[in-house]
Amino acid sequence: NPLRTPNLSSSTGWYLIFKEYPTGVWTLIDSTKNLTYQDTTVMYCNQWLSYYVEIEDTNAWCFSNSTRDSVLIKDNIPPALVTMDSVSIDPITGNIIIGWEQDTSQDTQGYIIYEYFQGGVLSPVDTVWGISHTDTSFININGNKLDSFIVVAFDSCGNLSSPSSIQTSIYLTSNSNACNSEITLNWNPYINWDNGVWQYYICVNVNGGPFTLRDSVSSNITTYTDTSLTQFNTYCYFILAVEGGTNKITSSSNEVCITANMANVPAFGYIKTATVTSGTQVRLDLYTDITAQVYQYKLLRSLNPASPFDTVITIGPNFIQQFSMYDNTADPNDTSYYYCFEVLDNCQTVTYTSNIARTILLKATSNTDMSNTLAWNDYSGFLAGVSSYYIYRSIDGVLNPVPIAVIPYGGATVYKDFVNNFVSSQGDFCYYIEAIEAGVDIYGFQDSSFSNDPCTYPDPLLFVPTAFTPNGRNPDFIPIAGFTDIHLYDLKIFTRWGDMIFESVDPHQGWDG
């Protein structure tokens, strides 16, 4: 209250405010012309404070002091709510990094970081001292998993603020698909940012190099498939979430590393030759890439290269670069077949289809002019092409190893073989064609392909003399047989009365009359 009303004209009008703290120590803390004063410098948890006021009179140079009064001060006001920034995982060290905004309460002394567990259970993991210290980092003892945290401010009296919003780290997982040659990333969405997530950045390093931005996806997508891979390279990824506000706060995930082990597809697959080995079998000689991942080789056959191919036989991997497959269901005496083979990887996906090779079908017909006509189709499948066709003939089962003719490729695939010089044979003529590759191909091979071996059987011939002259120019009666089996020869001569007067089973022995 004032000394008098109104104040003396010699009064300064200023009330000096004194406070005792600590005990026995009085300090001038402020002055005022008002009759009330609020001390805003009180930051004590449980303390008695004493005050008095003093006013000066200038004429008499005297001071008037008030009575002293005391009050017990108790601080039970908690700090303001902490605004949490983000939870990240350092992709290099794996440490957890947590950031928040500086608390607005002046009496804040530091922050307590709690890990949040399902059901609201809190476990303190770190304490940060100093109001301006707004981030912390610590070892992630739980390894790669979802981690949720809150931040609480505390003041000098131990009052705790309300917990911040729960922020949860981004947990990234990966898996590879060798069949599709891809790596797929999956992560949980980052939640509880006031402005939500703007984008997720996919960051990658290759073989320990620097991290680069691979791609970005929108906030509603939490998966990504990377197909830009090189076999056996190691790819390490982390996800960077970017907040949608103007501050562009970020949160990074854990790092995952995976080595690209893609299905190694064949670099080549080649049918060296498709050749007829018997009347019911075709042999395919294959050249394959044994460095490739192989689950199965599938031999395919068709009557027309433009039509679908049917599976003939399948075999598993044999790790042999050159091997043969056999078609035992073929009828090479009647049909020319087209063949190819497919390579399947462990995902049973076709990773390579070979060239197409066509077998040679040879047809042989007997003519009335003591000749046989041969006709065949061109062989196809040699990388170096066909240079010529060798024609081989056997007579009565005896093969002539020297070709009877060589027909250049590109001409007519027809040949007429006159056999009048072989009338004395049994007439069993068999043929086959050999296609010769026109040089060494890119793999270093020069192959050939054989056709089927058809046979012709000309009609048997029998020349019977109409007369002979015993002891003359034509002394013996000898019939001449051609194109027949001489072992069946039997000559019998009868009189007009039916009496047999001569017999011989030797085709070279005649009747001399």
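Residues take numbers from 1 onward in each chain, read along the sequence in its written order. Selection of residues for local features in this predicted model requires a pLDDT of at least 70, selection of side-chain atom pairs for listing and counting requires 80 or more, and totals for whole chains, interfaces and linings are taken over all residues. Remark: hydrogens and water are excluded; side-chain values derive from all non-hydrogen atoms of the structure.

Caption draft 1: Highlighting the overall build of the protein chain. A tally of helices and strands in the protein chain yields zero helices and 41 strands. Reported as C-alpha extents along the three principal axes, the dimensions of the protein chain are approximately 195 × 40 × 30 Å. Residue exposure (1.4 Å probe, protein chains only): buried if accessible area is under 20% of the type maximum, exposed if over 50%, otherwise partly exposed. Across the 513 residues of the protein chain, 40% fall into the buried class. Contact criterion: two residues are considered in contact whenever any of their non-hydrogen atoms come within 4.5 Å of each other. Counted over contacts in the protein chain with a minimum sequence separation of 6, partners at least 24 positions apart contribute 58%. When the 19 basic and 50 acidic side-chain charges of the protein chain are each reduced to a single mean position, those positions are 4 Å apart. Secondary structure elements are defined from DSSP: runs of H or I of at least 4 residues count as helices, runs of E of at least 2 residues count as strands, and each element is numbered from the N terminus. Neither His nor the chain ends contribute to the count of charged residues, in which Lys and Arg are positive and Asp and Glu negative. Note that the charge is assigned to NZ on lysines, CZ on arginines, CG on aspartates and CD on glutamates.

Caption draft 2: Fine view of the pairing of strand β30 (residues 371-376). Pairing between strands requires that DSSP locate at least two bridges from one strand to the other. Examined bridge by bridge, strand β29 (residues 362-366) and β30 share five bridges and lie antiparallel to one another. Its bridge partner being in β30, Leu-362 is matched across the sheet by Trp-376. Connecting β29 to the next strand, β30, in antiparallel fashion are four residues, including Met-370 with a positive phi near 60°.

Caption draft 3: Seen up close, the sheet that holds strand β21 (residues 269-278). Judged by pairing direction, the sheet is antiparallel, and its three strands sit side by side in the order β21-β22-β25 without closing on themselves. Each edge of the open sheet carries a strand with a single partner, namely β21 and β25 (322-327). When the angles between neighbouring strand axes are averaged without regard to direction, this sheet yields 25°. Note: β21 against strand β22 (residues 281-288), eight bridges, orientation antiparallel. Bridged to Val-276 within β22 is Val-282. Note on method: axes are straight lines fitted to C-alpha atoms, helices fitted across the in-contact stretch only, with angles between N-to-C directions ranging 0 to 180 degrees.

Caption draft 4: Looking closely at the pattern of salt bridges. Throughout this description, the term salt bridge denotes a Lys or Arg side-chain nitrogen within 4 Å of a carboxyl oxygen of Asp or Glu. Within the structure shown, the criterion is met by seven salt bridges. For Asp-369, the salt bridge goes to Lys-416, with nearest N and O atoms at 3.1 Å. Of this pair, Asp-369 sits in the loop between β29 and β30 while Lys-416 sits in strand β34 (residues 414-418), and the two are 47 residues apart along the sequence. What makes Lys-416 partly exposed here is its relative accessible area of 39%. Measuring nitrogen to oxygen at the nearest pair gives 3.9 Å for the salt bridge that ties Asp-490 to Lys-492.

Caption draft 5: Region of the structure containing the side chain of Asn-254. Along the chain, the position of Asn-254 falls in the loop between β19 (250-252) and β20 (256-259). N or O atoms within 3.5 Å of each other form a polar contact, as long as, within protein, one can give a hydrogen and the other can take it, and as long as residues adjacent in sequence are counted only when both atoms are side-chain atoms. Here Leu-172 takes part through its backbone nitrogen, which lies 2.6 Å from a polar atom of the side chain of Asn-254.

Caption draft 6: Region of interest: the packing of aromatic side chains. Ring pairs shown here join Phe, Tyr and Trp side chains whose ring centres sit within 6.5 Å, with only the six-membered ring taken for Trp; geometry is labelled stacked below 30 degrees between planes, edge-to-face above 60, and tilted in between. Tallying each qualifying case throughout the model produces 26 aromatic pairs. Each ring, one from Tyr-270 and one from Tyr-443, has its centre 5.4 Å from the other, and the planes form 40°; the classification is tilted. Placement of the pair is Tyr-270 in strand β21 and Tyr-443 in the loop between β35 (429-437) and β36 (448-450), with a sequence separation of 173 residues. With centroids separated by 4.9 Å and ring planes inclined at 75°, the aromatic side chains of Tyr-287 and Phe-445 adopt a geometry described as edge-to-face. Here Tyr-287, found in strand β22, pairs with Phe-445, found in the loop between β35 and β36; they are 158 residues apart in sequence, far enough to count as distant. Note on Tyr-287: relative accessible area 12%, which makes it buried. In textbook terms, an aromatic cluster arises when at least three aromatic residues are bridged by ring pairs, as seen for Phe-268, Tyr-270, Tyr-287, Tyr-443 and Phe-445. The ring of Trp-198 has Lys-248 sitting right over it, with the charged end atom 5.4 Å from the ring centre. The ring of Phe-445 carries the charged tip of Lys-272 above its face, separated from the ring centre by 4.3 Å. Here, a charge over a ring is recorded when the distance from Lys NZ or Arg CZ to the ring centre is within 6 Å and its angle to the ring normal is within 35 degrees.

Caption draft 7: View of the environment of Asp-194. Within the fold, Asp-194 resides in the loop between β14 (182-187) and β15 (197-206). In this structure, the C-alpha to C-alpha distance between Asp-194 and Ser-165, residues 29 residues apart in sequence, is 9.9 Å.

Caption draft 8: Quick peek at unusual backbone geometry. Here the residue pair Thr-5 and Pro-6 is connected by a cis peptide bond, since its omega of -5° sits within 30 degrees of zero. Relative to the elements of secondary structure, Pro-6 occurs in the segment before β1 (11-20).

Caption draft 9: Representation of the sheet that holds strand β10 (residues 135-138) in the model. Pairing is antiparallel in the open sheet, where three strands are placed in the order β6-β7-β10. Strand pairing shows two members of the sheet lacking a second neighbour, β6 (84-89) and β10, which therefore form its edges. Looking at each pair of strands side by side, their axes are set apart by 10° on average, direction ignored. As paired elements, strand β7 (residues 96-100) and β10 share four bridges and run antiparallel to each other. Within the sheet, the bridge partner assigned to Ile-98 lies in β10 and is Thr-136.

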